[in-house]
Structures are given as structure tokens and as C-alpha cells.
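What the coordinates show
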Amino acid sequence: MAVGTLSHVYPLGSRLDEAGRLEVGGCDVVELAREFGTPAYVYAEEDIRARARAYMQAFAARAERFEVVYAGKAFPCTAAFRLLAAEGLCCDVASGGELHLALAGGFAPGRIYMHGNNKTEHEIAYALEHGVGHFVVDSFDEIDRLERMAPGQRVLLRVTPGIRPSTHDYIATGQADSKFGFGLDDVPRAVERASQRLELRGLHAHLGSQVFDLEPYEKLAEVLTEIGDYPLLNLGGGLAIAYTAGDEPPSVEAYADALLRGAPDGVTVLCEPGRSLVGNAGVTIYTVGTVKRIPDVRTYVAVDGGMSDNLRPMLYGARYEAEIAERFGGDELCTIAGMHCESGDILVRDVLLDDPRPGDVLVTPATGAYGHAMANNYNAAPRPPVIFCSDGDARVVVRRETYDDLTVRDL
Ligand code: PLP
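In this text the structure is predicted, and so the values were computed from the model without any measurement.

Quick notes on the domain arrangement of the protein
- Here the domain parsing of the protein yields domain 1 (15–45 + 279–407) and domain 2 (46–277).
- The C-alpha-based centres of domain 1 and domain 2 are spaced at 31 Å.
- Listed by partner, the interface residues are 23 residues for domain 1 and 23 residues for domain 2.
- Between domain 1 and domain 2 the total buried area reaches about 2100 Å² when both faces are included, carbon and sulfur atoms providing 60% of it.
- Counting every contact that joins domain 1 to domain 2 gives one salt bridge.
- Close ionic contact of Glu45 with Arg49 constitutes a salt bridge, the shortest N to O distance being 3.2 Å.
- For the side of domain 1 that touches domain 2, the secondary-structure elements that each account for two or more residues are β4 (40–44), α11 (312–316), β20 (386–390) and β21 (393–398).
- The residue inventory of the side of domain 1 that touches domain 2, partitioned by class, reads 14 nonpolar, five polar and four charged.

So this is what it looks like as C-alpha cells:
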């Protein structure tokens, strides 16, 4: 592969140097592997910043009043919250733990939206104690709970608008058969209940994630506006990103056009991007440990991570790319296996690599969203560090877990 040519799945500003080695945020990832070990999540800080600005600009050019709300679940890391707060975004959190991280990252409580289909009293109390701006109310039981715990609290109602985008079943949320929110039949009663002792400020809907087709978004504002006029109209997140070179997601501008099409004047329109802010900013680096060639069957390239640092291939059959960081390209058909005791622990099936060998640094791009977020300790694997790279400088923003971390809770 020629110097410098990289597909759009890699972080903005990434390149192959003269020796054909991958650079992210100006840092040589083979050097990063040496310095910080593997597996590791490596982010180009500027990529996140640029995408945040693109969102802000796209909405500023089209709407008088808007908020871009970072869906913190995609990458709940204090350094990311800090960066996106500084870029002027709001954020949403889906649990007490995410709220804790958003606050630690410096988000003003009033700019935080609290989600969750089953917020516990403990989580609600924690959010109230810190003065969280809005709760996105998900059920009649939650209305009861909030009325009791926080009369007068500002809320939005989460609506399942009966719009099903085409995406994986596990990440479709807009259809009537959903654990989230109020179906259209229940909405009138929910509106009435939520208006009694709470301050109902608006409506919310999230159709699903990794959505390429913008048509469902065009109807969304209209469907919600028919329910009633409120100052806030939160149209959720879900814009697709490129996980593989063949993926061509719509631009943020086209997405903003679609979302805003049915939105009435005078309301504040909110959108809640997660993966499209941070997904392509991050790559995961691994070290190849073994290469098992089964003639006429398959070549397994085993790396030192797997389903503990990237659950998405197992969870949704998500497809990624992979390359040897210092030898892009190649023609050997390989399957990237994790190190976990599960046959299904496969990170990438059928990818072409250049003669993989033990000791090679392997990179999977587009792991910036829901990688670190879903990391787990299966097989007691210590979770990887998060490294932010910018202008050739690398800094660890989440350190690697140690074996001692694994026993720290054991009594
Ligand atoms: N908003 C809500 C309510 C969600 O549930 C999600 C994802 O699950 C998002 C926003 C962000 O979705 P994405 O990361 O696909 O943009």
C-alpha cells in the first residue's frame, strides 16, 4: 500500500509513514505498543474535536436553537467528557456510573440529561443531589418515583414513535415493541401524568443506532410534534459510522437536514450522537501471539485481547477491519481470534493480512465507540488503557488495569 493512503475508517489525520507504519494523532502505533503495551485503545484527540465541531456547525447553520448532546455511553471516559464539554456540547448519561464520570469530566450538571429505562432510586437520588438538568422519563413507574422524590423536576418523555430504522435488532429502539419509553397509545396518559407534579419540558425519541438510511429521521420530528408543543425536542442519536472501508455513512450535514425537516420553529432541537462523535477516533492495538495455519481451512491469528475489549463482534456480529500496523495490505486470508476461552471469541473473520507473525502489532480501526465502554474482565483479563494522541504526543487518560485491581473488591 502506498505511503499515506488510508481508508476513512481510520482517525482523521492518520497516515502511513515512509516506512509504511501507521501513525495516529502523529504517534507511531508500533512505538505506542512498545511504550504502553497491548491491548490498548488509541485515540486521535483531534478527530473527536473535529467531529464535535462539525456537529455544532451543521446544526448552527440550520437551526436557531439546538443542543448537541454527547451520548456518553459510547465512550464514558472523563477525558472524553472533558474534551466534549469544552467544545460546548451537552451530554446524556444512562446510569449513575456514567453520571459520575460525566461530572468528573467537568460537565455542568444542568447540561446533563439522565436516561435509563429503569433508573433506581439510588441513581435518581444521586442525580438530584448533583442537580442534573433533565430526566428523560421512561415509564409510569418512574413518573411515580420522580413525583415522590423530586416534585417539579424538569423532564422529557421518552416516546417510542413506531418508526423502525433498518439496523440490527439489538440496537433498534424506535419500534413499538421496545423496552424503552412510552408507545404512542400510552403517550396521552403519560403526558397527563407527567404534567401534574413534574415540569414536562419536551419529548425524546431515539430510533436506533448505526442507521444509514435518513428517511426515518425525516418523519420523526413531525410524529413527536403531533403529540404537543414543548420547548425541547430531542431526536436521539444513531447516525452510522464507517466500520469498514465499504461503509459510506451519510454526512452530518445530511443528517441534520433530515432531523430538522419536520421540526417547528421556536423549539430547541436536540440530537444525541454517540458513535459518530468518537467511533472513528479510536483504534485498538494488539500483539499477535500465535498464528495457526490449518491447511485448506483457515488461518487463525490470535491476539492478546478479544471479547473483553471489543464485545461488538460477539454481541451483534459487528464487522471490523484489521491490519498489521507496519505492513498494511497483504493477501493472506486470516481470522483474528481473541485470547478468551470461547470459540466465538473472534474479532474479525476473513481479513487479508501481510504474512502475520508472532510479535506483530495488529490494529483494528473504528473501535472508539462501545469498545472501552463495553470492556469487561472475562477470563480475568485486565482492561486496556486509553491513550490520547495529539500532534505526536501520547498521554494515558485511563491506565491499564493491574492484577491487583482484579482482587481489590474481593473481601
Ligand atoms: N441516545 C440514546 C437514548 C441511546 O440509547 C443511544 C445509543 O444506544 C444513543 C443516543 C447514541 O447512539 P449512537 O452511539 O448510535 O449515536
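As for unusual backbone geometry
- Of note, the bond from Thr38 into Pro39 is cis; its omega dihedral lies within 30 degrees of zero at -10 degrees.
- Tracing the sequence through the fold places Pro39 in the loop between α1 (29–36) and β4.
- We note that Asp350 has phi near 55 degrees; this positive angle belongs to a residue other than glycine.
- Counting through the fold element by element, Asp350 comes out in strand β18 (residues 346–353).
- One non-glycine residue with positive phi stands out, namely Ala366, at about 65 degrees.
- With respect to the secondary-structure elements, Ala366 resides in the loop between β19 (361–365) and β20.

Things to note about the side chain of Asp360
- Within the secondary structure, Asp360 sits in the loop between β18 and β19.
- Under the relative-accessibility criterion, Asp360 is labelled buried at 5%.
- For Asp360, the side chain forms a polar contact with the side chain of Arg327, separated by 2.6 Å.

A look at the site of the ligand
- Neighbouring the ligand are 14 residues; Ser209, Glu272, Gly274, Arg275 and Tyr370 lie closest to it.
- One nitrogen or oxygen atom from the side chain of Glu272 is found 2.6 Å from a nitrogen atom belonging to the ligand.
- The separation between an oxygen atom of the ligand and a polar main-chain atom of Gly274 is 2.9 Å.
- Relative to its unbound accessible surface of 390 Å², the ligand loses 91% to contact with the protein.
- Broken down by class, the residue content of the shell around the ligand amounts to three nonpolar, seven polar and four charged.

Quick word on the packing of helix α6 (residues 140–149) against helix α7 (residues 187–197)
- α7 packs onto α6 with a crossing angle of 5 degrees between their chain directions and a minimal axis gap of 10 Å. With respect to their mutual orientation, α6 and α7 come out roughly parallel. Touching Phe140, Ile143, Asp144 and Glu147 of α6 are Arg189, Ala190, Arg193, Ala194, Gln196 and Arg197, all from α7.
- For the contact of α6 with α7, a count of residues per class yields four nonpolar, one polar and five charged.

Regarding the nonpolar core
- In this structure, Tyr70 and Phe75 are the most contacted members of the largest nonpolar core, which totals 81 residues.
- Each of domain 1 (15–45 + 279–407) and domain 2 (46–277) accounts for three or more of the residues forming this core.
- Val9, Val29, Ala33 and Ala44 belong to the second largest nonpolar core, which has 23 residues in total.

Considerations on the sheet that holds strand β3 (residues 27–28)
- Taking strand neighbours across the sheet as the criterion, the three strands line up as β1-β2-β3 in an open arrangement whose pairing is antiparallel. In the strand order of this sheet, the two ends are held by β1 (15–16) and β3, each with one partner.
- For strand β2 (residues 22–24) and β3, the ladder comprises two bridges, and the chain directions are antiparallel. Paired with Val24 across the two strands is Cys27, which belongs to β3.

Things to note about the state of the cysteines
- Per the counting criterion, the structure on display carries zero disulfides.
- Cys90 takes part in no disulfide bond, and the closest cysteine sulfur to it belongs to Cys91, at a distance of 7.8 Å.
- For Cys90, a relative accessible area of 2% corresponds to the buried category.

Quick notes on the packing of aromatic side chains
- Under the defined criterion, the tally for this structure stands at twelve aromatic pairs.
- A ring pair is formed by Tyr55 and Tyr255, whose centres lie 6.3 Å apart and whose planes are at 85 degrees; its orientation type is edge-to-face. With Tyr55 in helix α2 (residues 45–60) and Tyr255 in helix α9 (residues 252–260), this residue pair connects regions lying 200 residues apart in the sequence.
- Consider the rings of Tyr243 and Tyr320, whose centres lie 5.4 Å apart with planes at 75 degrees: the pair is edge-to-face. Of this pair, Tyr243 sits in the loop between β12 (232–234) and α9 while Tyr320 sits in the loop between α11 and β16 (323–324), placing them 77 residues apart in sequence. An identical accessibility class is assigned to Tyr243 and Tyr320; each is buried.
- Here a set of aromatic residues connected by ring pairs shows up, and it is made of Tyr55, Phe59, Phe66, Tyr217 and Tyr255.

Calculation criteria
Residues numbered from 1 in each chain as written. Predicted model: local features only at pLDDT ≥ 70, side-chain atom pairs only at ≥ 80, totals over all residues. Heavy atoms only, no water. Domains from an automatic or database assignment. Contact = heavy atoms within 4.5 Å. Buried area = accessible area lost by both parts, 1.4 Å probe. Salt bridge = Lys/Arg side-chain N within 4 Å of Asp/Glu carboxyl O. Helix = DSSP H or I, 4+ residues; strand = E, 2+ residues; numbered from the N terminus. Nonpolar A, V, L, I, M, F, W, Y, C, P; charged D, E, K, R; others polar. Buried < 20%, exposed > 50% of the residue type's maximum accessible area, 1.4 Å probe, protein only. Polar contact = N/O pair within 3.5 Å; in protein donor to acceptor, adjacent residues only side chain to side chain. Near = heavy atom within 4 Å. Areas by Shrake-Rupley, 256 points an atom, 1.4 Å probe, with all protein chains shown as cover. Axes fitted to C-alpha atoms, helices over the stretch in contact; angles between N-to-C directions. Parallel < 35°, antiparallel > 145°, perpendicular 65-115°, else oblique. Core = buried A, V, L, I, M, F, W, Y, C linked by side-chain atoms within 4.5 Å. Pairing = 2+ DSSP bridges. Disulfide = S-S within 2.5 Å. Phe/Tyr/Trp six-rings, centres within 6.5 Å; stacked < 30°, edge-to-face > 60°.

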